[in-house]
Structure formats: structure tokens, C-alpha cells
Amino acid sequence: MKKVLAVAMACALAVGSAVARDFRSADVHPQDYPTVMTVKKIGEIISQKTGGKYNVKVFGNSSLGSEKDTVEQVKIGALDMVRVSTAAFHGIVPETMVPSFPFIFRDIKHFRASMNGPAGDDILAALDKAGFVGLALWESGARSIYAKKPVRNLADVKGMKIRVQQSDLWVSLAQAMGANPTPIPMAEVYTALKTGLVDAAENNYPSYETAKHYEAAPVYSETQHVMSPEVLIFSKKVWDTLTPEEHKIIRDAVKETIPYYIDLWTKKEQLSKDAAKKAGATFVDNVNKAEFVTVMKPVWDKFSPTPELKALVQKIVNTK
């Protein structure tokens, strides 16, 4: 009997290995970054629940290209998954702009309740029409302005050349503050700050610290103007080849890892802030946020021109 069982198990393993495959996922961040580690965790859960049929292999450090490159690869099915900033979809899926509206989230609790609830589901579902399957919207911290001088109010920003992401929304946001927006790729920001091409930039603690932007812009002012999420995407071309049961396993694995991601991200933020302080950065928290909020309504109006987008904005605002 033992011999028969051994043969049966060997056959089962052989069959399993014949169809087993890794879903290939891309990220611009290093292997120890929270987004990369969480996608690996998702792979472990998928592997466990599919008996080893599927797993996820994450290619970090931009090894498969920029966020734009990898989104295009996912679109055609050359890549199974990707984790990018929602800014990568601003020009394709208008709904992805809404959670990047300035001051739309009251605090991190409001962000989590919104993006892990019905409003987040609506944004993820909107990706479907562009040929993607949205799996998760993850927090990536509050973005704030950093420069050589403190920014405590609108007067401090007026006329300042600020590096922004290459997105119309980010340009409008900086203009509303009275600044001169300068869209520059992330890889060029350090040099732009050093040479004075820009006076300031804006980002979260980990980006500020890991890119060593504190060396060129040592004053980080806690404007906390945007809590733009990360988004985890699956290729619709590949998704359509999977069974409904496999869809459920993947979605369940993503949901199961939300607390894991939040824990990793929270620790990463604190470590980055501490490291930047140790390296000489100053953090300014007495910022007049109310003053910044008062000038942002035109930005909200411009980027939610349809009843559907206005309803999505209201759904986020109304989330308790």
C-alpha cells in the first residue's frame, strides 16, 4: 500500500510540475521594499492554495523597465502583474486620479476605509475597460514638499520651482499653490535639486530618504497634500485564461495580505524618517494645511468633470 501511495504521489507531483508556472510581476523598487515583499507574500499564499501550481516571481529594481514600460507589457500579456503608482494610469483611467486629489483623505484611517472599501472597488473595476485587472490600492504615505527652506504657508511656495510627476493633475496641484511645476522623471530629481533646476520636490518619507534627496533639499515640510495610492495590476489577457476558482484564490490572497502590507509600510516610513533625520534633514510640522486646502477646489473640479467622477469623489468624502 505504501508503495502504491508513493507512486501515486510521484505521479501527482509530476503532473503538477508539468503545468506549474510563476506569474511574473514587476516593480521599480528593491527586493526589500514593502510592495515587493507583499507581492512575494501573495505568491506564497497562491502557491499554498493551488498546491504549487502557481507562484509569483517578482522582478524589482526596475529590472524589467520603467513603470510605463511594465504597464505596457502587462497590457499585451507579456508580463502577468505589476505594481505601479496610480499616476501611471492617470491618462488612461480617469478614476485613478481621484485618490490623488489634494487633501481628499482626512487621515490614514480614512484612506484605508476608502481604498479597501466600495470606493476603492470602483477604482479597481474601472481599470477593466483599459485591459487590466485591478487587485489592490495600497497606501504609500503622505506626500510633502521638501526644499532648502521651510514651507509653512502658501506664501512660502509662491514662485517656487517644484518638481512634480509627469501628470496634468500634479501640474495643476502645484499651480494651485502658486508654484511653478516642473515635470521631471524620478531618476533625475536628485540632480535637478542639486543644480538648482528646481527649488523643491514633493514625495513621501521612503522616497525622500532612499533617493538621498535630503542631501540637496534638507528641509522636509509636512504639507501632506496628497496620499496617492499604489496599485497592483494583473494582465487581463492572462486573467481570462484562468478559472473563476483561480481568480478567487488570487483576490483572496491579495486581501489576506493587506494587514501585512500596512505593517511593513508603517515600519518603513518610520525607519526612513529616522534615517533622514540622522543624516541631517529637518522636519517641519507647523504647516498651515487649512490655507492649502482652500485653494484646491478648482483642481477637484477640473479633474472630476463627469457625474460619475463627481459621485466617486463624494463616495470617498462620505466614507467613515
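Going along each chain's sequence as written, the residues are numbered from 1 onward. Since the coordinates come from a predicted model, pLDDT governs what is reported: local features require at least 70, and pairs of side-chain atoms require 80 or more to be given and counted, while whole-chain, interface and lining totals use all residues. As a rule here, side-chain values come from all non-hydrogen atoms in the structure, and water together with hydrogens is ignored.

Only one rule defines a salt bridge in this text: a Lys or Arg side-chain nitrogen within 4 Å of an Asp or Glu carboxyl oxygen. Using the criterion set out here, one finds 17 salt bridges in the structure. The salt bridge partner of Asp122 is Lys315, with a shortest N-O separation of 2.7 Å. A residue pair is termed long-range when its members are at least 10 positions apart, and Asp122 in helix α5 (residues 118-126) and Lys315 in helix α15 (residues 307-318) qualify at 193 residues. Summary of the burial criterion: residues with accessible area below 20% of their type's maximum are buried, those above 50% are exposed, and those between are partly exposed, where the area comes from a 1.4 Å probe applied to protein chains only. With a relative accessible area of 34%, Asp122 lands in the partly exposed category. For Asp301, the salt bridge goes to Lys297, with nearest N and O atoms at 2.8 Å. Of the two residues, Asp301 and Lys297 are both situated in helix α14 (residues 297-302); the distance of four residues between them amounts to about one turn of the helix. Judged by relative accessible area, Asp301 falls into the partly exposed class, the value being 38%. Under the relative-accessibility criterion, Lys297 is labelled exposed at 55%. Residues joined in a network through salt bridges with shared partners are Asp27, Glu67, Arg83 and Glu230. Only runs of H or I of at least four residues qualify as helices and only runs of E of at least two qualify as strands under DSSP, and these elements are numbered from the N terminus.

Time to look at the sheet that holds strand β10 (residues 230-235). Spatially, the five strands line up as an open sheet ordered β2-β1-β3-β10-β4, and their pairing is mixed. The two strands at the open ends of the sheet, each matched to only one other strand, are β2 (54-59) and β4 (132-138). Ignoring which end each strand starts from, the neighbouring axes of this sheet average 25° apart. Only when DSSP finds a minimum of two bridges between them are two strands counted as paired. As judged from the six bridges shared by β4 and β10, these two strands associate in the antiparallel manner. Residue pairing across strands places Leu137 opposite Val231, the latter belonging to β10. Only heavy atoms enter the contact rule, under which two residues are in contact if any of them lie within 4.5 Å. To get an axis, fit a line to the C-alpha atoms, keeping to the stretch in contact for a helix; angles then go from 0 to 180 degrees between the N-to-C directions. Each of β1 (21-26), β2, β3 (81-85), β4 and β10 touches helix α2 (residues 34-49); the most contacted strand, β2, lies at about 165° to it.

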